[in-house]
Amino acid sequence: MTTERPLRVAIIGAGPAGTYAADILSKSGISTSIDIIERLPAPFGLVRYGVAPDHPRIKQIIVALANVLGRGDIRLLANVNVGTDLTLEDLQSHYDAVIFATGAFEDSDLNIPGIDLEGSYGAADFVSWFDGHPDVPRTWPLDAKEIAIFGVGNVALDVARVLAKHPKDIAVTEIPDNVLEGLSSSPVTDVHVFGRRGPAQVKFSPLELRELGHVPDVDVIVYPEDYEFDEASIDAAENNKQTKQVVKTLTDWTLKEPSGASRRIHLHFLQSPHEVLGEDGKVVAVRMERTELQGDGNVKGTGEFIDYPVQAVYRAVGYYGTEIEGIPFDQSKGTIANEGGRVVDGGDVVPGYYTTGWIKRGPVGLIGHTKSDAQETIANLVEDAPRLYAETKAGAEQLSPDNLLHLLKERGVPVVQWHDWELLDAHERALGEADGRERIKVVPREEMTDIALGRLKQQA
Ligand SMILES: Cc1cc2nc3c(=O)[nH]c(=O)nc-3n(C[C@H](O)[C@H](O)[C@H](O)COP(=O)(O)OP(=O)(O)OC[C@H]3O[C@@H](n4cnc5c(N)ncnc54)[C@H](O)[C@@H]3O)c2cc1C
Ligand SMILES: NC(=O)c1ccc[n+]([C@@H]2O[C@H](COP(=O)([O-])OP(=O)(O)OC[C@H]3O[C@@H](n4cnc5c(N)ncnc54)[C@H](OP(=O)(O)O)[C@@H]3O)[C@@H](O)[C@H]2O)c1
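Residues numbered from 1 in each chain as written. Chains lettered and ligands numbered in written order. Predicted model: local features only at pLDDT ≥ 70, side-chain atom pairs only at ≥ 80, totals over all residues. Heavy atoms only, no water.

Student: Help me get a handle on the overall build of the protein, residues and values and all.
Tutor: Scanning the protein for helices and strands turns up 17 helices and 20 strands. For 460 residues, the compact-globule estimate of 2.2 N^0.38 gives 23 Å, and the C-alpha radius of gyration of the protein, at 24 Å, lies within 12% of that figure. For the protein, the C-alpha atoms occupy an extent of roughly 70 × 55 × 40 Å along the three principal directions. Of all intrachain contacts in the protein linking residues separated by at least 6 positions in sequence, the fraction that spans at least 24 positions is 75%. (Helix = DSSP H or I, 4+ residues; strand = E, 2+ residues; numbered from the N terminus. Rg over C-alpha atoms; globule rule 2.2 N^0.38 Å. Contact = heavy atoms within 4.5 Å.)

Written out as structure tokens, the structure reads:
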């Protein structure tokens, strides 16, 4: 009988998408044995390594995710990278089904001249740095007084806010010590954020936009000549609640006098990045092309160019998913090719492979959206379940949960399980408590694993 043993499922990625998928699958009514395999020594994906440190309320989603991962019926195998520590063949021979929930952590490209100059950065890299991602350098060059940010999404807002905030106003958060130190030496005075379309086409959330107006000693400056509304803009501002709120906030700001703050965030619209200008290989300015709306909310260039002197440029034009070798990938979208979460290759379903979250749908949407992604994917997996048992090539012994752990140990992979993460979590909280903060993140990967695996205690 195929259903005598639990269905063995590996979920790759312990971000919200993977965690929601595990939760939904565990409650689906079929008997399952679920492993979540995560490449970092800490779970929670972009909630830990993307959500800005000065958004502690959103970071609280970690409590709900931890309730799932720490419940005891789902096994976390962190610090294990699929692609190097485990191959696709390993996964095929140890599981009936594999769900890829690997998210997106790289910047989309922006192909304009000068984008590779020194002083030009991707927002995703900067976010990884300020959120203490273990795989990025410890220091970040913060020597620019004037900075340009391309893109008007929530990531651009996060980057602008973190760059413009005075260190004392972010020091109370879980921000890592090395990041606080870096930000403390920043001479920044002006951050220019550029949207290529109009105020009604920005992707900011209303709450996040309003927050910008309350950053201490930072003025938000807008330019009335950038305010243009075509038919589509008027329709969106009247009928879309979010757009209405955003447009109202932006319009209110046109009437506000600057307070004389020592730092400024300038919001510019209808200006598209044309070129990053350099001298001696370093960024010295950005050249923007004025655009005009076409009636449908899209724009075309006018041929009028404006230069802004800046010493650093951040492109916040979206994230891009990372390909896993051997898994069909849609290069145009940066996603795993799928239909309803079933991985497909040239239109044919690849048996036993599923996907969910940003790597399924593309790098847009809030944490909550990954729950509906997971519902669709798991519904399809559950429908396929009878076939999945039959299609598994491995024997019953290979499918034992112990077997994979032995394999990883044999390979010398220092696996971080949930109880190990709890040690690291407690350590970070203790560091924070001593400083009157909720936590202080440990950043270096080796230090993280040493603490999680109790190695530091042994050395002492
Ligand atoms: C800067 C930023 C700030 C954000 N802030 C908010 C916010 O305030 N509120 C909100 O609602 N949404 C926010 N979002 C959106 C939110 O983070 C995403 O909707 C959500 O994290 C997507 O979940 P995911 O699980 O698909 O991907 P991720 O969160 O990226 O999780 C994917 C996981 O897979 C792991 N992984 C990747 N490759 C491998 C591999 N080969 N082997 C093993 N593991 C692997 C990764 O390490 C990661 O832990 C933000 C996004 C960004 C970029
Ligand atoms: N606090 C929060 O809730 C929070 C924080 C961070 C992120 N997030 C979420 O995470 C997701 C990703 O955010 P994101 O900011 O990376 O993406 P996003 O919302 O898609 O914004 C990307 C921005 O880049 C612009 N852009 C793209 N290509 C461009 C180009 N070639 N030249 C100029 N501009 C270009 C887009 O303009 P066009 O519209 O003209 O294409 C858009 O303004 C979003 O769903 C976001 O809401 C949420």
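Student: Could you give an account of the packing of aromatic side chains, with specific residues and numbers?
Tutor: Applying the stated rule across the entire model yields 16 aromatic pairs. Aromatic pair Phe-126 and Phe-130: ring centres 5.2 Å apart, planes at 85°, arrangement edge-to-face. Of this pair, Phe-126 and Phe-130 both sit in helix α6 (residues 123–130), 4 residues apart, which is roughly one turn of the helix. Exposure remark for Phe-126: the relative accessible area of 0% places this residue in the buried category. Consider the rings of Tyr-227 and Phe-269, whose centres lie 5.8 Å apart with planes at 85°: the pair is edge-to-face. Placement of the pair is Tyr-227 in the loop between β9 (218–222) and α10 (231–239) and Phe-269 in the loop between β10 (263–268) and β11 (271–279), with a sequence separation of 42 residues. The exposure class assigned to Phe-269 is buried, which follows from its relative accessible area of 0%. Feature note: the residues Tyr-121, Phe-126, Trp-129, Phe-130, Trp-140 and Tyr-314 constitute an aromatic cluster, connected by ring pairs. (Phe/Tyr/Trp six-rings, centres within 6.5 Å; stacked < 30°, edge-to-face > 60°. Buried < 20%, exposed > 50% of the residue type's maximum accessible area, 1.4 Å probe, protein only.)

Student: Just give me the short version of α6, but keep the residues and values in it.
Tutor: Side chains of residues three or four places apart in an α-helix project in the same direction, reflecting 3.6 residues per turn. The buried count for α6 comes to 7 of 8 residues, which makes it a mostly enclosed element. Directly beyond the C-terminal end of α6, a positive phi value near 70° is found at Gly-132.

Student: Explain the side chain of Asn-79 to me, using residue names and the numbers behind them.
Tutor: Note that Asn-79 resides in the loop between β3 (74–78) and α5 (88–94). Setting aside its immediate chain neighbours within four residues, Asn-79 contacts Glu-38, Arg-39, Leu-40, Pro-41, Asp-85, Val-413, Pro-414, Val-416, Arg-445 and Thr-449.

Student: Quick one: what's the story with the site of ligand 1, residue by residue and with numbers?
Tutor: Taken together, 32 residues sit near ligand 1, with Ala-17, Glu-38, Leu-46, Trp-358 and Ile-367 positioned nearest. For ligand 1, a nitrogen atom lies 3.0 Å from a polar atom in the backbone of Arg-39. Measuring from an oxygen atom of ligand 1, one finds a backbone N or O atom of Leu-46 at 2.8 Å. About the coverage of ligand 1: the protein hides 93% of its 1000 Å² of free accessible area. Breaking the shell around ligand 1 down by element, the ones donating at least two residues are α1 (16–26), β2 (32–38), α2 (45–49), β5 (104–107) and α7 (154–164). Across the shell around ligand 1, the residue classes break down as 19 nonpolar, 10 polar and 3 charged. Taken domain by domain, the shell around ligand 1 gets at least three of its residues from each of domain 1 (7–105 + 320–416) and domain 2 (109–317). (Near = heavy atom within 4 Å. Polar contact = N/O pair within 3.5 Å; in protein donor to acceptor, adjacent residues only side chain to side chain. Areas by Shrake-Rupley, 256 points an atom, 1.4 Å probe, with all protein chains shown as cover. Nonpolar A, V, L, I, M, F, W, Y, C, P; charged D, E, K, R; others polar. Domains from an automatic or database assignment.)

Student: Residue-level account of the nonpolar core, with values.
Tutor: In terms of nonpolar packing, the biggest core is built from 53 residues, with Phe-126, Ile-149, Leu-267 and Tyr-314 touching the most fellow members. Per-element accounting of this core gives the leading share, 7 residues, to α7. Residues from two domains meet in this core; each of domain 1 (7–105 + 320–416) and domain 2 (109–317) gives at least three. Ranked by size, the runner-up nonpolar core spans 44 residues in total, among them Leu-7, Tyr-20, Val-416 and Ile-451. (Core = buried A, V, L, I, M, F, W, Y, C linked by side-chain atoms within 4.5 Å.)

Student: With reference to specific residues and values, describe the sheet that holds strand β6 (residues 120–122).
Tutor: Sheet strands pair by backbone hydrogen bonding; their relative direction is either parallel or antiparallel. Across the sheet, which stays open at both edges, the 6 strands sit in the order β6-β14-β7-β8-β10-β9 with parallel pairing between neighbours. The sheet is open, and its two edges are formed by β6 and β9, each paired on a single side. Sheet twist, expressed as the average angle between the axes of neighbouring strands with direction ignored, equals 20°. Summarising the sheet, strand β7 (residues 146–150) and strand β8 (residues 190–194) pair through 5 bridges and their orientation is parallel. Across the sheet, residue Ile-147 finds its bridge partner in β8, namely Val-191. The sheet strands contacting α6 are β6 and β14 (312–315), and the helix crosses β6 at an angle near 75°. Here helix α11 (residues 241–254) sits on the sheet and contacts β9 and β10; the angle it forms with β9, its principal contact strand, is near 95°. (Pairing = 2+ DSSP bridges. Axes fitted to C-alpha atoms, helices over the stretch in contact; angles between N-to-C directions.)

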